[in-house]
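Descriptive analysis of the structure
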Amino acid sequence: MKFFIDTANLAQIQEAHDLGILDGVTTNPSLMAKEGIVGDAAVLQHYKTICEMVDGDVSAEVISTDFAGMVAEGEKLAALHKNIVVKVPMIKEGIKAIAHFTKAGIRTNCTLVFSAGQAILAAKAGATYLSPFIGRLDDINWDGMQLIEDISDIYTIQGFQTQILAASVRTPLHIVQAAKAGADVVTCPLSAITGLLKHPLTDNGLAQFLADHAKANQG
Ligand code: G3P
């Protein structure tokens, strides 16, 4: 399973990269705005900076909601760097754009996916990645992880090549559950990734080992 970080924050991207386990980055317009990245030129430059920091796929989202606009934006984004994946919303025009990009050899990430039906359509259009939003389903008392399992079953039965990118993943437990449910990729905040490190018995055990070593080697 690949690990992507879901942020536009360069310091957090660097920290995840330094762990040696980072496979890519996802962003969205909310995450870009949160970092104060505004205006076309600044947005494009920010994506370039991220691509230079991480040797892996970087999802860059279009803002347009019409086919022509998405195609124009997506082509501009894809031309920035070989690792850019054009992120397109799961709407009618988005599916048309994904089918177009697939034919043109431009890789895509279909975002804002909340049902197995949407997942089938995106795979038919040839999406490289599919982003079902786990946490947002949990927020409305639906089972986000069940959706990952369902899509994983469908893609296996049908032989679809689209990779399931579990998104809106917020906790270490979400990462473990997504791995069990068949996600190809998880994208999550740095806190969820570093949260995987934590176990009190690891901390206690290490403290004991170091104390015993120090005692045995005194004087
Ligand atoms: O990957 C999509 C993600 O950014 C949405 O996460 O926590 O805002 O639902 P969240």
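Relevant structure appears above.
One structure accompanies this document, and this report is about it. (Residues numbered from 1 in each chain as written. Predicted model: local features only at pLDDT ≥ 70, side-chain atom pairs only at ≥ 80, totals over all residues. Heavy atoms only, no water.)

1. Section: the side chain of Thr187
For clarity, the threshold we go by: The secondary structure listing takes helices from DSSP runs of H or I that are at least 4 residues long and strands from runs of E that are at least 2 residues long, numbered from the N terminus. Polar contacts here mean pairs of N or O atoms no more than 3.5 Å apart (in protein, one a potential hydrogen donor and the other a potential acceptor; neighbouring residues in sequence count only if both atoms are side-chain atoms). In what follows, a contact means two residues having at least one pair of non-hydrogen atoms within 4.5 Å.
Along the polypeptide, Thr187 turns up in strand 8 (residues 185-188). Polar side-chain contacts of Thr187 include one of 3.4 Å to the backbone nitrogen of Asp6. If sequence neighbours within four positions are ignored, Thr187 has contacts with Phe4, Ile5, Asp6, Thr26, Leu165, Ala166, Ala167, Ser168 and Val169.

2. Topic: the sheet that holds strand 5 (residues 108-113)
Our working rule: Strand pairing is assigned whenever DSSP identifies at least 2 bridges connecting the two strands. Note on method: axes are straight lines fitted to C-alpha atoms, helices fitted across the in-contact stretch only, with angles between N-to-C directions ranging 0 to 180 degrees.
Pairing is parallel in the closed barrel, where eight strands are placed in the order 1-2-3-4-5-6-7-8. Each strand axis lies, on average, 30° off the axis of its neighbour in the sheet, ignoring direction. Both strand 5 and strand 6 (residues 129-132) contribute to a ladder of three bridges, which runs parallel. Bridging from a neighbouring strand, Val113 pairs with Pro132 of strand 6. Its contacts with the sheet put helix 3 (residues 40-53) on strand 2 (24-26), strand 3 (57-61) and strand 4 (84-89), and the angle it makes with strand 3 is roughly 170°. Helix 5 (residues 92-104) rests against strand 4 and strand 5 of the sheet, and its axis sits at about 155° to strand 4.

3. Looking at the site of the ligand
What counts is decided by this rule: In these notes, residues near a molecule or strand are those with any non-hydrogen atom within 4 Å of it. Note on residue categories: nonpolar means Ala, Val, Leu, Ile, Met, Phe, Trp, Tyr, Cys or Pro, charged means Asp, Glu, Lys or Arg, and polar means any other residue, Gly included.
Inspection of the region around the ligand gives Asp6, Asn28, Phe133, Arg136, Ala167, Ser168, Arg170 and Thr187 as its neighbouring residues. With respect to the ligand, the side chain of Ser168 contributes an N or O atom lying 2.7 Å from an oxygen atom. In this structure, Arg170 approaches the ligand through a side-chain N or O atom, which is 2.9 Å from an oxygen atom. Of the residues that constitute the shell around the ligand, the class distribution is two nonpolar, three polar and three charged.

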